[in-house]
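So you can see what is in the structure, the chains are spelled out below.
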Amino acid sequence: MVEDSRNFKDRLYRLPEVGMGYDCKFIVGKGEQVATIFAHKFLFAVTSDVFKAMFFGGLEVEECVRIVDLEPQGFESMKHFIYTGEIRFESIGHASETYLAAHKYLLPVLLNLCVVYIRDNIEDSEKVNFFSWCDKNRISEFDSLCLEYVTEKTYEIFQSNYFLDCEPNVILRILQCESMRLNSELSVFINFERWALAEARRRNIIDDRDQMATYFNDFKPYIRFLTMSNEQLTNNVSKSLLLTDEEKLAIGGAAVMNISPDQLPKTICFSKVKRKLRPEPRKRKSQYDYDSDY
């Protein structure tokens, strides 16, 4: 008996390289990021029930399949995994795009490999943008990672070079956190205001006082104004461009007397329950730091 030096697995591994017998193609991506990826229906079908239904389940699917909700890199990586059972990620972005493909086509083993790689390799400097990506794609898999990072590294996030460029959904997620590593609620507000002013410049509304006072209404309910001191409210909050005169009066009134929430603007949080704040140890003090007993 003559033995082949290449076993069946090795020959299967060479299929993507040889490219023979392809019987379907995928056009993946949109805009300038579009790629044509060829494949074998049978191999895709035995790996994924979604592809099985597409190609052999009675659905009328043309040989050319258009996919606009995935990036070519992620789909190509999924194809490589389907043919070889192996994956090698080059970056968090690479793993993230592959995650979307594995999630869409129900490949749990590949999905888990993506999750493990991201959790083990993501750098702090990448996390804010990654969480924004998760929100945009409605991925909850990494919620605990996001919460832990914001809770433990709030101060570092606010002081980072990328904070002012954060997407609105990331800022909203930060403000919703019950626990932060900051000295005071005033620091939460001041840093939110820094971001909001930068966002207003990007939106070209910085000179429109009326629009400035209402544009960030979705964020204001998560600032706990009534946990600040009267001095903090007077010296900082009352001067903010992000609040209407009605909101400033309501905050000032609620700070010194009991007012029914029904009589107050819906855009303002009137809870007097303090956020769980823990001091952030630091070597130097910046202009955005505020002591809790200010």
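Before any of the text, the structure's been laid out above.
Residues numbered from 1 in each chain as written. Predicted model: local features only at pLDDT ≥ 70, side-chain atom pairs only at ≥ 80, totals over all residues. Heavy atoms only, no water.

1. Remarks on the overall build of the chain
Link 1 in the chain: Summing up its helical and strand segments, the chain has 15 helices and five strands in all.
Link 2 in the chain: Taken across its 294 residues, the chain has 43% of its residues classed as buried.
Link 3 in the chain: For the chain, the exposed surface amounts to about 16,700 Å²; the carbon and sulfur share of it is 49%. (Helix = DSSP H or I, 4+ residues; strand = E, 2+ residues; numbered from the N terminus. Buried < 20%, exposed > 50% of the residue type's maximum accessible area, 1.4 Å probe, protein only. Areas by Shrake-Rupley, 256 points an atom, 1.4 Å probe, with all protein chains shown as cover.)

2. Details of the sheet that holds strand S1 (residues 24-30)
Link 1 in the chain: Pairing in this open sheet of three strands is mixed, and the strands run S2-S1-S3 from one edge to the other. The outermost strands of the open sheet, each flanked by one partner alone, are strand S2 (33-39) and strand S3 (64-67). Pairs of neighbouring strands in the sheet enclose a mean axial angle of 20°, with direction left out of account.
Link 2 in the chain: Here S1 runs beside S2; their pairing, made up of seven bridges, is antiparallel. The residue bridging Val-28 from the neighbouring strand is Ala-35, located in S2. (Pairing = 2+ DSSP bridges. Axes fitted to C-alpha atoms, helices over the stretch in contact; angles between N-to-C directions.)

3. Digging into unusual backbone geometry
Only a minority of non-glycine residues have a phi that is not negative, and only a minority of peptide bonds are not trans.
Link 1 in the chain: One non-glycine residue, Leu-106, lies in the positive phi region at around 55°.
Link 2 in the chain: Here Leu-106 lies in the loop between helix H6 (92-104) and helix H7 (108-121).

4. Considering the packing of H6 against helix H8 (residues 124-136)
Link 1 in the chain: The geometry of H6 relative to H8 is characterised by a closest axis approach of 12 Å and an angle of 15° between their N-to-C directions. One finds that H6 runs roughly parallel with respect to H8. Pair H6 / H8 crosses with right-handed handedness. Each of Ile-92, Ser-96, Glu-97, Tyr-99 and Leu-100 in H6 lies in contact with H8, whose residues at this interface are Glu-126, Phe-130 and Trp-133.
Link 2 in the chain: Considering only residue class, the contact of H6 with H8 consists of five nonpolar, one polar and two charged. (Parallel < 35°, antiparallel > 145°, perpendicular 65-115°, else oblique. Left-handed = near helix turned anticlockwise from the far one by under 90°. Contact = heavy atoms within 4.5 Å. Nonpolar A, V, L, I, M, F, W, Y, C, P; charged D, E, K, R; others polar.)

5. Thoughts on the pattern of salt bridges
Link 1 in the chain: If you walk through the whole model with that rule in mind, you get 13 salt bridges.
Link 2 in the chain: The partner of Asp-69 in a salt bridge is Lys-104, and the shortest N-O contact between them spans 3.0 Å. Here Lys-104 lies in helix H6 and Asp-69 lies in the loop between S3 and helix H5 (72-84), a separation of 35 residues in the sequence.
Link 3 in the chain: For Glu-152, the salt bridge is made with Arg-181, and the minimal N-O distance between the two is 3.9 Å. Of this pair, Glu-152 sits in helix H9 (residues 143-152) while Arg-181 sits in the loop between strand S4 (179-180) and helix H12 (185-203), placing them 29 residues apart in sequence. (Salt bridge = Lys/Arg side-chain N within 4 Å of Asp/Glu carboxyl O.)

6. Quick look at the packing of aromatic side chains
Link 1 in the chain: Going through the model one piece at a time under the given rule, you end up with 26 aromatic pairs.
Link 2 in the chain: Between Tyr-22 and Phe-38, the aromatic rings sit 6.0 Å apart at their centres with planes inclined by 20°, giving stacked as the arrangement. Pair noted here: Tyr-22 is in the loop between helix H2 (15-18) and S1 and Phe-38 is in strand S2, with a separation of 16 residues, a long-range link.
Link 3 in the chain: For the pair Phe-189 and Phe-225, a centre-to-centre distance of 5.5 Å together with 65° between the ring planes defines the contact as edge-to-face. Of this pair, Phe-189 sits in helix H12 while Phe-225 sits in the loop between helix H13 (209-215) and helix H14 (230-235); the two residues are 36 residues apart in sequence, bridging distant segments of the chain. Taken individually, Phe-189 and Phe-225 each receive the classification buried, so the pair is uniform in this respect.
Link 4 in the chain: Connected via pairs of aromatic rings, a cluster forms that spans Phe-26, Phe-44, Phe-51, Phe-55, Phe-75, Tyr-83 and Tyr-105. (Phe/Tyr/Trp six-rings, centres within 6.5 Å; stacked < 30°, edge-to-face > 60°.)

7. Examining H6
Link 1 in the chain: Counted at 1.5 Å a residue, the expected span for H6 with its 13 residues is 18 Å, and the 18 Å between its end C-alpha atoms agrees.
Link 2 in the chain: Counting buried residues in H6 gives ten out of 13 residues, a clear majority hidden from the surface.
Link 3 in the chain: Inspection of H6 places Ile-92, His-94, Ala-95, Ser-96, Glu-97, Thr-98, Tyr-99, Leu-100, Ala-101 and Ala-102 among the buried residues, and these make up the whole buried set.
Link 4 in the chain: In this fold, the buried residues of H6 make contact with H5, H7 and H8.
Link 5 in the chain: For H6, the N-terminal cap is Ser-91; the gap from its side-chain oxygen to the backbone nitrogen of Gly-93 is 3.4 Å.
Link 6 in the chain: Once H6 finishes, Leu-106 follows within two positions and takes phi at roughly 55°, a positive value. (Expected span 1.5 Å × (residues − 1). Polar contact = N/O pair within 3.5 Å; in protein donor to acceptor, adjacent residues only side chain to side chain.)

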